Amino acid sequence: MKIAIHGRNFPESARSYIQSMFDELAQRQATILISHAYRGFLDMAGIVHYSEETYQPDEGVSEADFIFSLGGDGTLLDAVTHVGAREIPIVGINIGRLGFLATVSPATIRFMIDALYNQQFSIDDRSLVSVQSNIDIFNGLPFGLNDFTITRTQTSSMITVHTYLDGEFLNSYWADGLIISTPSGSTGYSLSCGGPVLLPQTNNFIITPISPHNLNVRPMIVMDSCRLSFEVESRSGNFLAALDSRSYTVDVSTRISVQKEQFKARLVKLSDDNFLNTLRSKLNWGWDIRN
């Protein structure tokens, strides 16, 4: 089995679990491929990783049975761009904080590896958002798992986002910005701006305004088979366009449209991994003295 591994800094409390993971993979004679930046961090941290193979994140992973993401949800979003259209299954190991996407705890890493080798897992296909524009905004990676956002720059005043649904005018949002969220992203930025939570397999996008000037403008759910397009007005002459955690300043002359990506992100789910359980746990539902 060939395993690609990507990660970020980890706390000292996670060191033994990470070393145990590499020891277990080596014992099973797995071929280990590590992202270039993470390999350097592991060397500095004194982790024995049993690997001489690395890959460059901007080139992505060409061949692997799985890719392990060691960190939080942000690290897993990075891993999605490393995989792209190759749709290599992603295992999210939560060494971060919240962990809506990265759901494998460090203490269960050995159990997870055993489950992979014994085919005791399922694949959760997640839809992606794809961005098209007249310029290459996202350096050849115009897709994201959580959301696409249009926001004002730090120095600009409120912007106006003229929004069209399949070419038909929908609304002009006077706001700090606009979020186009996938179901996976419904528990992220969109939720903090008042958007609804969607189940992962829901075939929808959420249009969520950020601090709208008109208080009667609310989040809206649309089918992900539609195409959304935007024209932006800004006193500064530019705005920020972001895909997950990647953001760039864009001129208002740029024409942008969004639709569902043709390929998907494939997340590995173990037998005890349930989205409803994750919701209750991460959002503290039911944490009340009356319960």
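Residues numbered from 1 in each chain as written. Predicted model: local features only at pLDDT ≥ 70, side-chain atom pairs only at ≥ 80, totals over all residues. Heavy atoms only, no water.

### Considering the overall build of the protein chain
- Counting secondary structure elements, the protein chain contains six helices and 19 strands.
- Over its C-alpha atoms the protein chain spans a radius of gyration of 20 Å, differing by no more than 12% from the 19 Å that the globule rule assigns to 291 residues.
- Taking the principal axes of the C-alpha coordinates as reference, the protein chain spans close to 60 × 50 × 35 Å.
- Relative to its 291 residues, the protein chain shows a buried fraction of 50%.
- When contacts within the protein chain are restricted to residue pairs at least 6 apart in sequence, long-range pairs at least 24 apart make up 67% of them.
- Total accessible area on the protein chain stands at roughly 13800 Å², and carbon and sulfur atoms take up 48% of it.
- When the 22 positive and 30 negative side-chain charges of the protein chain are each reduced to one mean point, those points stand 5 Å apart. (Helix = DSSP H or I, 4+ residues; strand = E, 2+ residues; numbered from the N terminus. Rg over C-alpha atoms; globule rule 2.2 N^0.38 Å. Buried < 20%, exposed > 50% of the residue type's maximum accessible area, 1.4 Å probe, protein only. Contact = heavy atoms within 4.5 Å. Areas by Shrake-Rupley, 256 points an atom, 1.4 Å probe, with all protein chains shown as cover. Lys, Arg positive; Asp, Glu negative; His and termini not counted. Charge placed at Lys NZ, Arg CZ, Asp CG, Glu CD.)

### What about the sheet that holds strand 14 (residues 220–223)?
- Strand order in the open sheet formed by six strands is 14-13-12-9-16-17, and the pairing between neighbours is antiparallel. Among the strands making up the open sheet, the edge pair consists of strand 14 and strand 17 (246–251). Looking at each pair of strands side by side, their axes are set apart by 20° on average, direction ignored. (Pairing = 2+ DSSP bridges. Axes fitted to C-alpha atoms, helices over the stretch in contact; angles between N-to-C directions.)

### Considering the layout of surface pockets
- Roughly 550 Å³ of volume is contained in the largest pocket.
- In terms of lining, the largest pocket is formed by 29 residues, of which the most central are Asp73, Gly74, Leu77, Asn146 and Ser245.
- Every element with two or more residues in the lining of the largest pocket is listed here: strand 4 (66–71), helix 3 (73–83), strand 9 (147–151) and strand 16 (238–243).
- Grouping the constituent residues of the lining of the largest pocket by class yields eight nonpolar, 16 polar and five charged.
- Shared between two domains, the lining of the largest pocket takes at least three residues from each, and those domains are domain 1 (2–121 + 270–283) and domain 2 (129–262).
- Approximately 260 Å³ is the volume attributed to the second largest pocket. (1 Å grid on protein atoms, 1.4 Å probe; cavity = no way out; pocket = protein on both sides within 12 Å on 5 of 7 lines; lining within 4 Å. Points joined across faces, edges and corners; volume = space filled by probe spheres on them. Nonpolar A, V, L, I, M, F, W, Y, C, P; charged D, E, K, R; others polar. Domains from an automatic or database assignment.)

### Overview of the sheet that holds strand 8 (residues 143–144)
- Strand order in the open sheet formed by six strands is 8-7-18-15-10-11, with antiparallel pairing between adjacent strands. Sheet topology places strand 8 and strand 11 (168–175) at the edges, where each strand pairs with a single neighbour.
- Where strand 7 (residues 129–133) meets strand 18 (residues 256–260), five bridges bridge the pair, whose relative direction is antiparallel. Paired with Ser130 across the two strands is Gln259, which belongs to strand 18.

### Re the UniProt feature "binding site: NAD(+)" (unreviewed entry) in the protein chain
- According to UniProt, the "binding site: NAD(+)" (unreviewed entry) feature falls on Asp73, Gly74, Asn146, Asp147, Asp176, Thr187, Gly188, Tyr189, Ser190, Leu191 and Ser192. Look at the named residues: they lie 120 residues apart in sequence, and the longest C-alpha span between them is 24.6 Å, so in the fold they stay spread out. None of the other annotated residues line the largest pocket; only Asp73, Gly74, Asn146, Asp147, Thr187, Gly188 and Tyr189 do.
- The topology assignment puts Gly188 in the loop between strand 12 (177–181) and helix 5 (189–192).
- Among the structural elements, Ser190 can be located in helix 5.
- The class of Ser190 is buried, set by a relative accessible area of 0%. (UniProt positions renumbered as here; feature names shortened; annotations may be inferred.)

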